[in-house]
Amino acid sequence: MIIVMKPEATTAELEAVKNKITDAGLNFHLSQGSSRTIVGVIGDKKKFATLQMNSFGGVEKTVSITEKYKLVSRDFKKEDSIIDVNGVKIGGGHLAIMSGPCAVESKEQLLEAAKAVKACGAQFLRGGAFKPRTSPYDFQGLAEEGLKMLREVADEVGLNVVTEIVNINDLDMICKYADMLQIGARNMQNFQLLKEVGHTNKPVLLKRGLSATISEWLNAAEYIASGGNYNIVLCERGIRTYETFTRNTLDLSAVAAVKELSHLPIIVDPSHGTGRWQMVRPMARAAIAAGADGLMIEVHPHPEVALSDGDQSLKPDNFAVVMQEVRQIAQMMGKTL
Ligand code: PEP
Ligand code: MN
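This one's a predicted model, so the numbers in the text were calculated from it and none came from an experiment.

1. Examining the overall build of the chain
A tally of helices and strands in the chain yields eleven helices and 14 strands. Relative to the compact-globule value of 20 Å for 337 residues, the chain shows a C-alpha radius of gyration of 21 Å, a close match. A principal-axis box enclosing the C-alpha atoms of the chain has dimensions of 65 × 45 × 45 Å. In the chain, which comprises 337 residues, the share counted as buried stands at 54%. Here the analysis covers contacts within the chain between residues at least 6 apart in sequence; of these, 68% occur between residues at least 24 apart. Put simply, the chain shows about 14400 Å² of open surface, and 50% of that area lies on carbon and sulfur atoms. Charge separation in the chain, taken as the distance between the mean sites of 38 positive and 39 negative side-chain charges, equals 4 Å.

2. Thoughts on the coordination of the manganese ion (ligand 2)
Reference values for coordination geometry: four tetrahedral donors around a metal ideally subtend 109.5 degrees, six octahedral donors ideally subtend 90 or 180 degrees. For the manganese ion (ligand 2), the full set of protein donor atoms is C102 (SG), H272 (NE2), E298 (OE) and D309 (OD), at a range of 2.0 to 2.3 Å. Mapped onto the sequence, the donors of the manganese ion (ligand 2) take the spacing C-x169-H-x25-E-x10-D. You can see C102 sitting in the loop between β7 (96-100) and α3 (107-119) and its partner H272 sitting in helix α9 (residues 270-274), a full 170 residues away along the chain. The exposure class of C102 is buried, given its relative accessible area of 3%. On the basis of relative accessibility, which here comes to 8%, the residue H272 falls in the buried class.

3. Observations concerning the sheet that holds strand β4 (residues 59-63)
Within the open sheet, the four strands sit side by side as β2-β3-β1-β4. Their pairing is antiparallel. Pairing within the sheet leaves two strands with one partner each, and these edge strands are β2 (27-32) and β4. The sheet shows a mean angle of 20 degrees between the axes of neighbouring strands, direction not considered. As paired strands, β2 and strand β3 (residues 37-42) are joined by six bridges and run antiparallel to one another. Bridge assignment links L30 to a residue of β3, and that residue is V39. Together, β1 (2-5), β2, β3 and β4 form the strand contacts of helix α1 (residues 11-23), whose direction differs from that of β2 by roughly 155 degrees.

4. Examining the environment of A256
Tracing the sequence through the fold places A256 in helix α8 (residues 253-261). Counting along the chain gives 35 residues from A256 to G291, while the straight-line C-alpha distance between them is 7.1 Å.

5. Digging into the layout of surface pockets
Left-over empty space is what a probe sized like a water molecule reveals as it rolls over the atoms. Within this model, the largest pocket holds a volume of roughly 350 Å³. Looking at the lining of the largest pocket residue by residue, the class counts come to four nonpolar, six polar and eleven charged. Quantified by volume, the second largest pocket comes out at close to 180 Å³. Lining the second largest pocket are 13 residues, with V4, R36, I38, D75 and K78 sitting closest to its centre.

6. Some points on the site of ligand 1
Lining the immediate surroundings of ligand 1 are R126, K131, E164, Q182, G184, A185, R186, K207, R237, H272 and E298. A distance of 2.8 Å is found between an oxygen atom of ligand 1 and a backbone nitrogen or oxygen belonging to A185. Contact with the protein chains hides 97% of the accessible area of ligand 1, taken as 290 Å² for the molecule alone. Grouping the constituent residues of the shell around ligand 1 by class yields one nonpolar, three polar and seven charged.

7. Comments concerning the side chain of D170
By the element assignment, D170 lies in the loop between β9 (160-164) and α5 (171-177). Among buried charged residues, D170 stands out as having no salt bridge; its nearest opposite-charge side chain is K176, 11 Å away. Residue contacts for D170: discarding those within four places in its chain leaves F130 and I165.

8. Description of the pattern of salt bridges
A side chain of one charge can pair with a side chain of the opposite charge when the charged atoms of the two come close. This model, assessed by the stated rule, comprises 16 salt bridges. Ionic pairing is found between E152 and K107, a salt bridge with its closest N-O pair at 3.1 Å. Separated by 45 residues along the polypeptide, E152 in helix α4 (residues 144-157) and K107 in helix α3 bring together distant segments of the chain. On the accessibility criterion, E152 (43% relative accessible area) is partly exposed. Across the salt bridge formed by D179 and R151, the nearest N and O atoms sit 3.0 Å from each other. Separated by 28 residues along the polypeptide, D179 in the loop between α5 and β10 (180-183) and R151 in helix α4 bring together distant segments of the chain.

Quick notes on the rules
Residues numbered from 1 in each chain as written. Chains lettered and ligands numbered in written order. Predicted model: local features only at pLDDT ≥ 70, side-chain atom pairs only at ≥ 80, totals over all residues. Heavy atoms only, no water. Helix = DSSP H or I, 4+ residues; strand = E, 2+ residues; numbered from the N terminus. Rg over C-alpha atoms; globule rule 2.2 N^0.38 Å. Buried < 20%, exposed > 50% of the residue type's maximum accessible area, 1.4 Å probe, protein only. Contact = heavy atoms within 4.5 Å. Areas by Shrake-Rupley, 256 points an atom, 1.4 Å probe, with all protein chains shown as cover. Lys, Arg positive; Asp, Glu negative; His and termini not counted. Charge placed at Lys NZ, Arg CZ, Asp CG, Glu CD. Donors = N, O, S within 2.8 Å, 3.2 Å for Na, K, Ca; no water. Pairing = 2+ DSSP bridges. Axes fitted to C-alpha atoms, helices over the stretch in contact; angles between N-to-C directions. 1 Å grid on protein atoms, 1.4 Å probe; cavity = no way out; pocket = protein on both sides within 12 Å on 5 of 7 lines; lining within 4 Å. Points joined across faces, edges and corners; volume = space filled by probe spheres on them. Nonpolar A, V, L, I, M, F, W, Y, C, P; charged D, E, K, R; others polar. Near = heavy atom within 4 Å. Polar contact = N/O pair within 3.5 Å; in protein donor to acceptor, adjacent residues only side chain to side chain. Salt bridge = Lys/Arg side-chain N within 4 Å of Asp/Glu carboxyl O.

This is the structure we're talking about:
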């Protein structure tokens, strides 16, 4: 349930509304827009109906939301959210580029990748230190050693670190090294992890689950927001379909759908979305043209010897071409990069 306050509502009127809600044993979150305040009420719908909020001074209307998610919905907040990570803005016309290898393999590999992506204008260094691999015999990541490398290299080159968390017990450790926590496709519905991350104020990159509907994905984001952490960026990374030519089917229509349903920024990962480096360039262009707020692209100095996802990783020179084209499209779309 949502209460839309009138633009001229006074502080006292808003206080009265808040008190009525809490006195009834319900909770609320406030969204302070440029012209009006919106109160998102959480709790028993039947109880809310007895409060007769429409009769309160300063209340314009009450809206019943059919979807379960509220805090991340456009109904709750009309304006695009802008997530700020150490001064780098994502959303509301600001594009973010997150690039680097699939996995942190060595300091040399990471530094080479970081310098290349920084030179092309990326603001985030990506790289997994904990890899959720399909086979237990595949490279699992360097763990804390990898996190240290990420921090050192990112500081040396001047980038933010985004890296995946797969285990709640690693939260404090990863928060020490990372500027943004990535929740991967396989953990999108790890509700315990979502709740814990929601209790921090670290920005979160929430990837879409392999077979998640847009509604399930936004509900996963709601788990994080309901804990008090609104610093969420969504990432479309392809979904499972009957197609086998590509690793996943990149759902670019999800960008338009999320823009309609939510105020959160959404970026696109054409690397995991296609699984083929040849397709990253056209899909990156299409993502920005579709209205995405940025890209996550895997870049490896030597993809042929990569310990994971070499087939979908761009060499630095190809990444430079992608970035040049993305810049042109961004300019056409009136976005800054
Ligand atoms: C990744 O970004 O390295 C990754 C494992 O992605 P996803 O969770 O989308 O598969
Ligand atoms: Mn990968």
